[in-house]
Every structure is written in structure tokens, then in C-alpha cells.
Amino acid sequence: MLQDLYIFFKPHLFPLLYALVIVAVLPLLAGYVVLLERKVMADMQARLGPMRVGPHGLLQPIADAVKLLMKEDIIPESADKWIFWLAPLLSVTAGMVAMAALPFGPVFQIANLNVGLLFILGIGSMGIFGIVLGGWASNSHYSLLGALRSAAQLVSYETAAGMAVVSGVILGGTLNTAELVNVQSEQHVWFIFVAPIGFFLYLVASIAETNRAPFDLPEAESELVAGYMTEYSGFRWALYFLAEYTNMIVVASIATTLFLGGWLRPFASTKAFNFLDYVPMLLMLLVAGYSLYRAPKQPVPIQKLVMVAVAFLCLGLAAILAAPVFIKTGMIGAMMPGVHGAFWFLFKVGIYLYVFLWLRFTFPRYRFDQLMKLGWHFLIPVSIVNVFGVAIASYLHRSEETGGHGWNLWAAVALTTVITLLAAAWLTKKGENPPPGPVTAEKF
Amino acid sequence: MNDFLKTDAREVDPVLDHSVDVETTVLGADEIIINMGPQHPSTHGVLRVKLKLDGEKVVGSECIIGYLHRGVEKIAEHRTYQQFAPYVDRMDYVAAVSNGLGYCEAVEKLMGVEAPPRARVIRTILTELQRIASHLVWLGTHALDIGALTPVFYCFREREEILKIFEKYCGARLTTHAFRIGGLQYEAYDELEADTERFCKDFETKVDEYETLLTENRIWIGRTKGIGIISAEDAIAIGATGPVIRASGVEWDIRKAAPYAAYDQYKFDIPTGKNGDTYDRYLVRMEEMRQSSRICLQAIQNIPTGPIMARIGKVLKPPPGEVYHAIEAPKGELGYYIISDGTTQPYRVRIRPPSFVNLQAFDTMVKGHLVADVVAIIGTLDIVLGEVDR
């Protein structure tokens, strides 16, 4: 009996373990993304950000989570209780399930699906049900308006994002996420350089899709208080928050996999750049050194301890990252792609998220009709032109035996990129100079 | 027009007007009524706006004020002239110095005395600094309403410097009570000129910094151009003043039209707009900040010496009569109408607050726009509810 169970579970053992790690770590990670966001925001706004809970606010996410857990659970009297209860769960589940098909490294992937990308996009957009249902169940004007805005926005931008993804898929020739990275490794080029416009379109569309500023209309606090989350409080609210940050990580991961070479090190196949293998280790050592340097300067003994703990954590990570670089044989040497792959993947995801935050603190918010106009009149047409452009470039580049023309890759890419840019410029010019005055129903 | 005016005000539910059945209009019919405020993050205080929406389009609006009414004008009738002076600071609490200047000058005019030249110049410097501070609060909150999170911190960083100057001068930062009837209570502190000069010189680059973030920004232009248009005729008909009327192209500034304090001695321009939209009001206020700093730099060059207080008695008994005196506060024409019956207390004080009058433009501006523009328009009017409700 036990034997049978073991045999049944053996192939699923590692995926289950990974899934457990993701479910356990993701809320923590999301919490620290929030801290990162607040720190980046503080830096851009000439202030310090959270500094009180833990050294440099390092324990703030944990304090926040505890506070949210202990808050009173309020369900408005006129709300539809079951749906109100279900909606945030739906949102957060969709985000987490989408993570299953993401390759965090050549080994660290829960399910290597052959339609991985399609799966992520499909499941990811299920999250909108949570938002719409939550807004509807709250039975409040602000929530309803927020939910409707969210639904309209997601539908509009999903199209552009999908088209941008298609341009990457054309280049990769597969929907399998791990395979996409392998193709980029074999061709020695990340797809961001082959389809720069595709990447840019995906960047914009993914910001809109995750409801982040400057497209954060569903939760525009100065207009709709908190949008669909207005009536939510305590842990249900935290679940929505978690869903939002999970979605951010998911879209950043898609972009990393598709356009930024996934887990690959920069210049992965060039021997001269092998010194980059030391970068992860040195980075961790730097953080550890800085933490140790700051530790005596903390005002409270417990904060000194936390700072030292952070330093040792970083030292440990540095050791893990260093081991396969120096010992190239045996078990430890075999860790190399897994450990370093995960590092580079998360590093790229971090940079992508930083761009999200940077844009958020720089730009004012779009108005709803402007958002729709940008989506339908600019992003979608350009993304369609871009798909054709990338397809043509791919065709021209293909060798003559396989039915192509054997062009130089960069010549083909330059040609089609210029054509796409011209189309974009034409669209921008066409959309400019809207008639002044109030928006009327006819102009919608 | 206002249904609560027709009936007893006490019978109107402050939360939601039950004459509209919300349940049946949410999904079925075409218009819904949304109640914005008095507790809303972007109504700048306790303004309550009832919006009639067709989808997201505003088809009708009604401003309901009075949530911050403290009866300042009535209080004046039971205080001596000097005792009432600190109360005016609490009206437009982001521009307390300007309020005080208007009141002190009004009483001086009533009594027929004039503040000595030194007092007038110091008053001008502090009032212009206050104008910058008030515009900085406006810029920060207005940008925040439209979704730009960062400018507000830059604005408050500079405002802090101004408040430090106030603190050094009179000990208070917000409700300063900086001036007295007849002149000043305190002599200028030693580094007033140096502090002001340092601030004004720095400030030139700081305004450029704000403009880099917003002026050329496509999203900012999209959110403000063509929003909340009010024509010059409408603005005049309503009685709008300050940046609101100047952005519509009317060159009206009391500092030029009827100079007070020491404004006749300094060179400055009146910026005007053309379209009377939110973007023009933004540009006008940005330029006003530059002009204010220009006035300050001129004023500190030559502060006359001499007394800071006119010769008036300890007990103020203005002759019976009435006076109206207006100044150009940061938000527009701030007027004091005072009737004296010859006693130590005013018989009647009527205050003409710029925010209250400008707020009347709201209905005209907001019609046909979207919900998101409502907050932009409230922001661009630069109202302070303490002054609207008094």
C-alpha cells in the first residue's frame, strides 16, 4: 500500500515540494516587495520610508501581516456574503496557480507544460473574476465602479499583452516556457533585442493589466476611495493586496522568460564574460558587509541582532552561490545552473518590478477614456503591426533550406522595427489634437 | 435649486439623499447619484459634492458646504478689534499671514492710520512667502489628486523652509498672527534678509524641478488641458478672482489694481492664461510663485529703517463708519467689510473669502466631464474649506 503510494507520488515529489515553497514564500516575498516599493518611493520623494519596525524597517512586512490577521473581519450587512467571502480567494488563487508554469531556473519549475504560456495567461486573467465579484458583492457604488473599470481595462489590455506575447512566441516557436529560454540560449540572443517593440508593448500592457499606476484606475484613491477594495478590511483586504503583488511577479516573470532570457546569465555563452558568475556572490557579500557595518549603529539591541542575522543570511546565500563557481565537479558543481539560474531570474524580475515602481512614482494617473484610447487606438494596432513585423523578420532571417531568405538577423530586425515605429508614429500623430472641451457621450 | 434650502435643513440626511432610490438605479436606469465627501480623500477638507452621473459622465452637481462653519463673523462682534485678529488666521489656514494682513489693513483704513514703511515692507515679504507656501500646498495636493505621488513631497520640502522663516520671525508656523493692527509686534530678526534671499534663489531651480515633472508630461497635459473650462465672461459674472480669473485671460490683480502694503514699489508681472482650463490655471500659479520670489528678492534689497508700529492707543476705538478693504490673497480677492459703531468692538464684520466665491464656478466647470475630472477641478479651484465655511 505504502509502496504503491510512494510509486504514485515519486514523480510528483519535487513539484509538490516546489509548490509548497512557492505557497509558503510568496506571501513573504510579496510583503517584501511592498517594503521595497515603500523604500524606493521614499528614496524618490526625499524621505526615509519605514524605519521603525526592525532595522531600516526590515520587519515591517511581518508587522503588517500580523496586524491585518488580527483585525476585525467586517462583512457589510447588505453585501452578498458568500461571494464577498469567495472573491479575494479567487483572485489570489489565480495568481498563485499561474506561478506553477513559470521556470525560475532550469530545474526549479513546478509543471513544465507544453502550453505553459497559454496556461499562465489564461489562469492569470481568471483573477479578474475575483475583482469583479468582489466589487459587485460589496454592494457599494465605489466598489462597483472600480470593479467595472477593472474588467474593462483588463479586457482591453489583455489583447495588447497577448499580441506582444505572440511576437515572442513566433521567435521561440513554442509555448513551453522552459523551451523558450532554451531557444534564447541556443540563438545567443535575448528576444528583447529581436523584438524591442514587443517588449515595450508588453511592459505597458502588463502595468495596465496589474492595475498599477499610471493605469491604477480601479483603485484610484483620490476618485474612488479604494475601488473594488473599498468595503474590504483585515485579511480579506490583505488577500487582494497579495493577489496584486503576485500578479506583478507573474507578469514580470513572463516578461523575463519571454524577452529577457529567463534564467540565463548576461552573455551566457561568451567565455570572456564568465567573470559575471562571481557577481551574485559579490552582491550578497556586499549586502552582508553593509549589514554588519550598520549593525552597531542600530539604536536598539534587538535591531542589532536582526541586522547581524540579515548579514549571516546573506553570507549563507553567498556561500551557496559561490560553491558551484569554485567547485565545478560532483553534486555541488551540478547545482550551478539551478542556483545561479534562480538568482538571475529573480534579479531580472526585480529590475522589471523596479521599472513598475519607478513609473508609478513619476507619472500622474490616466483618465478612464484616455486609458481606453491608448489601449484600443494605439497599443492594439501597434501590437498587431509588430506581430507581422516580427514574423517577417523571422521569415527573412530563416535559412534558405527551411524556406527563408537567410538575411542577417540584425538587418531583418532593423528593417521591421523601423516599419513598426513608423506605423506607431503615424498612429500617435493621428490621435493627437483631440477637440478641446468636455467629453460628450458621442465622442466615446 | 438646492432641495435642502426649500425644506428644513435639519431634515436632510447628511449621508445620502433618500429622494433617489439608489437600489433601483444602480444597474437598471441610466443615472446614479454619487455622494462625494464630506469624508473623501480629495475634496480638500469637508466639502460635500452630490454628483449625478450618467455612466461616468457628470450631468449635474451640487456643492454642499457648511460642515466647517464656526461663525467667525459673529465671533467678531463680541471681540475687540485686536482680539479678533488671531481668528482670521483660522479661515484660510494654509495662508494665515495673508488673512492677517487683510484684516489689519482694513482696521487701519477704518481708523485712518497707516503702518510705517518698515512694517509695510516686512509685511510684503512675509505675505509673498506665504503666497508661495500656499501655492506649494495647492501644487502638491492637486498633483496628488491627479495621481502624481511625488511632487507633494518636494513641495512640502520647500514649504518647510518658508515655515521656518515664519517660526523664526514670530514663533508660530501655521496660524502665525504675524501682524498687528498698526504695524508689527516684532522687529524682523537679524537673518530675515539672508534667509529670504537664500530661499528665493534656491526656489527658482526648485520650480523648474516641479515643471520638469509635470509641465511637459503627456499624461498631465491630457488630464488638465481642456478640463474645467470657464470663460472670462462667466468668471466675471460669478465674481471669481485670483488665478481662476487670470487663467481665463482677465488681467486682474489687486496688488496692481489697488496697491496695498508696499506693492507699488516693486516690479512684477501678472501672468494670465488664455483658455481658462485647468492647465492654464496650473501655469498661472507656477508663474505666480516665480513672481512672488521676485518681489521678495526686490523687497529685501531695501528695507527702510524706522518704527514698526504706528502711533495708536492701547484701546482701539475707530470712529463710526464702514470700510471695505481687499487684498490679493493666494486664492484671490480677500475682502473685509467692517462697520464700526464707535465702540471697541466691531458692529459687523463681513468677510469675502476667495475660495467661497471661486467654488461657485464648480458647477459650470464640471458639467460634461468624467468623475476623474471632478477631483482635478476641485484641486484646480484651490479651495480651503475653513475659508469657504468660515
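Keep in mind it's a predicted model, so treat the numbers as computed, not measured. Along every chain, residues carry numbers that run from 1 in the direction the sequence is written. Chains and ligands are labelled sequentially in the order written, the chains with letters from A and the ligands with numbers from 1. Owing to the predicted nature of the model, reporting of local features is limited to residues with pLDDT of at least 70; listing and counting of side-chain atom pairs is limited to 80 or more, with chain, interface and lining totals taken over all residues.

Colleague: Could you clarify how one ought to interpret the overall build of chain B in this entry?
Modeller: Only DSSP runs of H or I with at least four residues qualify as helices, and only runs of E with at least two residues qualify as strands; both kinds are numbered from the N terminus onward. The helix and strand tally for chain B stands at 17 helices and eight strands. Since a compact globule built from 390 residues should have a radius of gyration of about 21 Å, the 22 Å found for chain B is in line with a globular shape. With respect to the three principal axes, the spread of C-alpha positions in chain B is 75 × 50 × 35 Å. Counting other C-beta atoms within 10 Å of each residue's C-beta, where C-beta atoms are placed from the backbone, gives the exposure class: buried for 20 or more, exposed for 12 or fewer, partly exposed between. For chain B, buried positions account for 51% of its 390 residues. What counts as a contact is two residues whose backbone-derived C-beta atoms lie within 7 Å of each other. Looking at chain B alone, contacts between residues at least 24 apart form 69% of all its contacts between residues at least 6 apart. Each radius of gyration is computed over the set of C-alpha atoms, and the globule rule expresses the reference value as 2.2 Å times the number of residues to the power 0.38.

Colleague: Can you walk me through the overall build of chain A in this structure?
Modeller: Counting its regular elements, chain A contains 16 helices and zero strands. What you see for chain A is a C-alpha radius of gyration of 24 Å, in line with the 22 Å of a compact globule of 444 residues. Within chain A, the proportion of its 444 residues that are buried is 43%.

Colleague: Explanation requested: the nonpolar core in the structure shown.
Modeller: Membership of the largest hydrophobic core comes to 218 residues, with the highest contact counts inside it found for Leu201(A), Tyr202(A), Ala205(A), Ala255(A), Val107(B), Val374(B) and Ile377(B). At 16 residues, helix α11 (residues 234–259) of chain A tops the list of elements feeding residues into this core. Source of the domain bounds: an automatic or database domain assignment. Counting contributing residues, this core receives three or more from each of domain 1 (3–64) and domain 2 (72–389) of chain B. Aside from chain neighbours lying at most four places away, what touches Ala255(A) is Tyr202(A), Leu203(A), Ser206(A), Leu260(A) and Tyr352(A). Residues enter a nonpolar core if they are buried, belong to Ala, Val, Leu, Ile, Met, Phe, Trp, Tyr or Cys, and are joined to the set through C-beta atoms within 7 Å.

Colleague: Would you mind showing me how to read unusual backbone geometry here?
Modeller: Of all residues except glycine, most have a negative phi; of all peptide bonds, most are trans. Of note in this structure, Ala46(A) is not a glycine but carries a positive phi near 60°. Tracing the backbone shows Ala46(A) in the loop between α2 (13–44) and α3 (60–70). If you check the backbone angles, His177(B) has positive phi at about 50° while not being a glycine.

Colleague: Which parts of the structure should I look at to understand the packing of helix α4 (residues 81–89) of chain B against helix α5 (residues 96–111) of chain B?
Modeller: For any two helices packed against each other, one specifies the crossing angle of their axes together with the interaxial distance. All names here are of chain B. Axis definition: a line fit to C-alpha positions, over the contact stretch in the case of helices; interaxial angles, taken between N-to-C directions, run 0 to 180 degrees. Following both chains from N to C, one finds α4 and α5 inclined at 150°, their axes separated by 8 Å at the closest point. On the basis of their axis angle, the class for α4 and α5 is roughly antiparallel. Between α4 and α5 lies a crossing of right-handed hand. Contacts between α4 and α5 involve Tyr81, Ala85, Val88 and Asp89 from the first element and Ala96, Asn99, Gly100, Tyr103, Cys104 and Val107 from the second. Looking at the contact of α4 with α5 residue by residue, the classes come out as seven nonpolar, two polar and one charged. In these notes the angle categories are as follows: under 35 degrees is roughly parallel, over 145 is roughly antiparallel, 65 to 115 is roughly perpendicular, and the rest is oblique. Definitions for this section: a left-handed crossing has its near helix turned counterclockwise from the far helix by less than a right angle. A right-handed crossing has that turn clockwise. Charged means Asp, Glu, Lys or Arg here, nonpolar means Ala, Val, Leu, Ile, Met, Phe, Trp, Tyr, Cys or Pro, and polar covers whatever is left, Gly included.

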